[in-house]
Structures are given as structure tokens and as C-alpha cells.
Amino acid sequence: MFASDDPYARRMAWRIVALLAPVAMLNYLDRQMLASMKFSIAHDLSGLTDQESWGRILAAFKWVYALSSPLGGFLADRFSRRWVITASLLIWPAVTWATGQVATAEQLLFTRALMGLSEAFYIPAALALIADFHPSTTRSRAIGVHQMGIYAGVILGGLGGYAADSAALGWRGAFELCGIVGVLYAILLALFLRDAPSTEAPSKGRTSPGASLKELFGNRSFVLLVLCFTLPALSAWIVRDWMPAVLKEQFGIGQGRAGISATLPWQAAAIFGALGGGWLADRWMRRTIRGRIYVSALGMALFLPALAGLGYAPSTGHLSVAILFLVVFGVGWGFFDCNTMPVLCQVARPDLRATGYGMMNFISIGCGGFADWGFGRLRDHGVALAAILGLLAAAALLSIFCMLLIQPRTEAAE
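All values derive from a computational prediction rather than experimental measurement.

1. What to know about the overall build of the protein chain
In terms of helices and strands, the protein chain carries 17 helices and zero strands. Taken against the 2.2 N^0.38 rule, which gives 22 Å for 414 residues, the C-alpha radius of gyration of the protein chain at 20 Å falls within 12% of a compact globule. Along the longest, intermediate and shortest principal axes, the C-alpha atoms of the protein chain span 55 × 40 × 40 Å. Expressed as a percentage of the 414 residues in the protein chain, the buried residues total 60%. When contacts within the protein chain are restricted to residue pairs at least 6 apart in sequence, those whose partners lie at least 24 apart make up 87%. In the structure as shown, the protein chain presents an accessible area of about 15,100 Å², 69% of it carried by carbon and sulfur atoms.

2. Concerning the packing of helix α1 (residues 7-36) against helix α6 (residues 123-133)
Two numbers describe how α1 lies on α6: the axes approach to 9 Å, and their chain directions differ by 165°. Taken together, the axes of α1 and α6 are roughly antiparallel relative to one another. Considering the relative orientation of α1 and α6, their crossing is left-handed. Across the interface between the two elements, Met-12, Ala-13, Ile-16, Val-17 and Leu-20 of α1 pack against Ala-126, Leu-129, Ile-130 and Phe-133 of α6. Along the lines of polarity and charge, the residues of the contact of α1 with α6 split into nine nonpolar, no polar and no charged.

3. Considering the side chain of Thr-86
With respect to the secondary-structure elements, Thr-86 resides in helix α4 (residues 81-99). With near-sequence residues (within four places) excluded, Thr-86 lies in contact with Ala-186, Leu-189, Ala-190 and Leu-193.

4. Considerations on the confidence of the model for the protein chain
When the pLDDT values of the protein chain are averaged, the result is 85; 95% of them are 70 or greater. With pLDDT under 50 throughout, residues 199-205 is counted as low confidence; its partners more than four residues away or in other chains account for twelve contacts.

5. Quick word on the packing of aromatic side chains
Considering all chains together, one arrives at eleven aromatic pairs under this definition. Judged by centre distance (5.4 Å) and plane angle (50°), the rings of Trp-284 and Tyr-294 are tilted. With a gap of ten residues between them, Trp-284 in helix α12 (residues 255-284) and Tyr-294 in helix α13 (residues 291-316) connect regions that are remote in the sequence. When the centroid spacing of 5.1 Å and the interplanar angle of 50° are considered together, the rings of Trp-333 and Phe-336 count as tilted. Of this pair, Trp-333 and Phe-336 both sit in helix α14 (residues 319-337), three residues apart, which is roughly one turn of the helix. Judged by relative accessible area, Trp-333 falls into the buried class, the value being 7%. Across the ring face of Trp-237, the terminal group of Arg-240 is positioned such that the distance to the ring centre comes to 5.1 Å.

What counts, and at which threshold
The residue numbers shown here count from 1 along each chain, following its written sequence. Local features are withheld for residues below a pLDDT of 70 in this predicted model, meaning they are given only at 70 or higher, and side-chain atom pairs are given and counted only at 80 or more; totals for whole chains, interfaces and linings count all residues. Side-chain figures throughout are based on the complete set of non-hydrogen atoms in the structure, without hydrogens or water. The helix count covers DSSP runs of H or I at least four residues long, the strand count covers runs of E at least two residues long, and both are numbered beginning at the N terminus. In this setup the radius of gyration rests on C-alpha atoms only. A globule is expected at 2.2 Å times the number of residues raised to 0.38. A 1.4 Å probe rolled over the protein chains alone gives each residue an accessible area, and that area as a share of the maximum for its type sets the label: buried under 20%, exposed over 50%, partly exposed in between. Only heavy atoms matter for contacts: two residues are in contact if any of them lie within 4.5 Å across the pair. Only the protein chains shown count as covering a residue, and every accessible area follows the Shrake-Rupley method with a 1.4 Å probe. All axes are obtained by fitting lines to C-alpha atoms, using only the stretch in contact for helices, and the reported angles, taken between N-to-C directions, cover 0 to 180 degrees. Our angle categories are set so that under 35 degrees counts as roughly parallel, over 145 as roughly antiparallel, 65 to 115 as roughly perpendicular, and the remainder as oblique. Each crossing gets its handedness from the near helix: less than a right angle anticlockwise from the far helix is left-handed, clockwise is right-handed. The nonpolar class holds Ala, Val, Leu, Ile, Met, Phe, Trp, Tyr, Cys and Pro. Asp, Glu, Lys and Arg form the charged class, and all remaining residues, Gly among them, are polar. The pLDDT value tells you how sure the predictor is about a given residue, anywhere from 0 up to 100. Paired rings are identified among Phe, Tyr and Trp, the last through its six-membered ring, by centres lying within 6.5 Å, and are further divided according to the angle between planes into stacked (under 30 degrees), edge-to-face (over 60) and tilted (the rest). We count a charge as sitting over a ring when the NZ of a lysine or the CZ of an arginine lies within 6 Å of the ring centre and within 35 degrees of the ring normal.

Structure follows, in C-alpha cells:
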């Protein structure tokens with residue numbers, strides 16, 4: 001990492017964050033667009049006749065993403081993080097454009113699987129690159145600013161319902177337009193993105209894949225972090241992927257309004273949560289090495305009332321109640337999300353950061369795919385929304401205990 005007292009180093013470190021945040025936005029824009037456009041896409045394509053079928057479409061992306069993440073992380077630790085990121089973004093526009101051309105549910109399943117392959121190479125490399133440039137004193141804030149790009153992408157994707165209902169654009173035109181934007185930004189990124197200086201970057205090529213995994217999973221704190229990364233994320237995937245449809249069905253509102261109501265409140269709250277959680281964690285770290293752990297646990301604790309409230313909201317008949325608890329969920333997610341890579345930096349060596357994050361993605365997002373499929377299946381069988389969200393709240397509660405059991409390394413080792 002760069003020295004924190006070097007003005008040029010500080011500018012370069014934040015420039016990297018500024019370049020990567022729009023990539024994060026694009027990565028999540030297409031995911032949320034799909035969720036927001038569910039009813040238009042299902043009407044246009046054959047083979048999407050029930051909730052479980054749609055759950056399989058959502059799950060296909062996650063399963064391929066999960067399976068590809070360890071490879072993406074390993075390559076980012078062994079080669080140039082810059083070029084792994086750029087290659088990921090170069091593939092993204094082609095697949096996004098192709099999504100707008102599909103004619104059947106099977107073709108949509110295929111393009112979502114390809115998108116999972118493209119995006120799996122981005123997050124482990126990007127977060128590891130930010131950690132390379134940022135010292136411990138700014139790391140949580142830097143990750144938090146980057147994650148704001150994700151939240152902005154979900155918010156913009158939430159407008160997909162309006163785009164799908166527009167005669168001038170439609171859901172196909174929206175995907176095609178995003179593909180064009182992705183091509184232009186990939187060129188910009190290739191010109192200006194840089195790796196950390198070789199004298200500071202993690203050493204490359206010293207550890208085999210098998211030895212890397214043995215070291216990571218032989219580390220009790222890493223295993224606990226994987227559980228903490230997986231259990232709360234189950235509820236986040238359900239809220240992100242299914243809430244537009246849930247709000248439309250439960251409150252009898254239009255597709256466009258449901259999409260923005262399901263995304264804007266909690267993602268806007270997540271932006272404030274990430275900024276506040278990053279600032280709080282970096283300050284708390286001055287007093288205790290467990291500062292980031294405590295902020296993450298606090299964020300997960302907010303999931304409990306949020307999920308209970310979301311399960312209760314439909315019985316009130318008031319959309320505003322659901323929005324209130326989505327805001328609580330968003331603040332908790334921001335606190336948690338901005339500290340995952342910084343906590344990983346406290347339990348794993350620098351040259352295993354991207355590999356470690358790739359493995360965390362593999363397990364977490366793979367389980368997220370089953371959560372998406374399972375949610376659709378449970379809803380098809382008439383299981384109450386409150387009961388499903390109660391199970392997710394129990395998983396979040398368990399993750400709090402796992403987080404508090406993590407033993408971070410000393411600050412000097414980080």
C-alpha cells in the first residue's frame with residue numbers, strides 16, 4: 001500500500017476508487033434491471049410461467065458467478081489486477097447487449113450464466129486493488145465509497161420497470177443501451193487504471209492454488225468470515241431480486257413504482273450506511289483492532305428488525321411501512337458491506353486477498369442462488385412471506401455471533 005502521509009499517494013489511492021465505482025455501478029445495474037422488469041420479460045418470453053422458473057433465471061447467474069469467483073480471485077492475486085478488471089468489463093457490454101436479443105427463457109438463462117462469468121472476475125480484483133492502495137486508516141472508507149457505486153447501480157436498475165413500460169425503449173432497448181455505455185467506459189478504464197507499484201503490491205506466483213486454499217481454510221477466522229459473508233447475504237439477495245415483485249403483488253402497485261420503491265429506499269440508505277460505517281470503523285480502529293468487526297456486527301443486528309418489519313408490512317396495507325423497514329435494512333447493509341474486505345485484510349495475507357474474496361463469493365453467492373430458487377418455490381407452495389423472512393433473520397442472528405468470534409491479526413500485520 002502507499003504511505004498515508006504522501007499527498008500524491010493519497011490522490012492516486014482515491015483516483016483508483018473513483019475509476020472503479022462506475023464499474024461496480026454497471027455490474028449491479030443489469031442485475032437489478034432484470035428484477036425490475038420481471039413482468040415485462042415474462043410476458044414477452046415463453047417458458048416463464050411460475051415463480052420457480054423465474055427463480056432459476058436469477059439463480060443461474062449466481063451459480064456461474066459463484067463457480068467462477070475463485071478463479072477470478074486467484075488470477076487477480078497472481079497477475080495484474082488492472083487487466084483482470086478491464087477484461088471483465090470488456091466482456092460485460094457484449095453479454096448485456098445480447099440479453100436484449102433473447103427470444104426464449106432458455107436463451108435468457110444462457111445470457112445470465114455468461115454474465116455471471118464476466119462479473120465474477122471484477123469484485124475480488126477491484127476490492128483487492130483498493131486495499132493495495134489504501135492503508136488501514138482509510139481502507140473502510142475507500143471500500144465504502146466503492147460500494148456506493150453498487151448501490152447507485154441498484155437504484156438505477158430499479159427504474160427498469162419504467163423503462164420496460166416505455167414504448168420508446170422497452171426492456172430490450174434498455175439492455176442494448178447499457179451495452180453501449182459499457183463499451184465506452186471499458187476504453188476509459190483501460191487507459192487510466194493502474195496497478196499498485198510493484199514494490200508495494202502483493203507478491204505474485206508464490207503460492208499454488210491448493211496451498212492457498214489450505215492456508216485460507218486452515219484459518220479459523222477466515223472460515224468464520226465466510227459464514228458472516230454468506231448468512232446475511234441470503235436476505236440481501238432476496239430483498240434485491242424479489243422485492244420489486246413482492247411489493248407489486250402485495251400492495252397492488254405498478255411495475256415501475258414497485259421497482260423504484262423496492263430499490264431506492266434501501267440503496268440510498270445503504271449509501272449513508274457505507275459512508276457512516278466506513279468512517280466509524282476507521283475511527284474505531286484507532287481504539288481497538290476489533291473496530292471493523294464491531295461495526296459489521298452492528299450492521300447485521302439491524303437486519304433483524306428490518307426483516308421482521310418487512311414480513312409484517314403487507315398486513316398493514318401501507319407501502320410506507322415496507323419502505324421504512326427497507327431503509328433500516330439498507331443502513332445495516334452499508335455498515336456490513338463496507339467492512340468485509342477490510343476485515344479480510346485483517347485475517348489473510350495481502351497476496352491472498354483476492355483469492356480469499358473469490359472463495360467467499362463462491363460460497364456466499366452459490367447459496368444466494370439456492371435462496372432465489374427456494375424463495376420462488378416456497379412462494380409457489382403458499383408459504384407466508386413473514387415466515388420466509390423470519391428464517392433469513394435467524395441466519396443473520398447467527399452471523400453476528402460468528403463475526404464476534406473472529407480474531408484479527410495485529411495492526412502491523414495488516
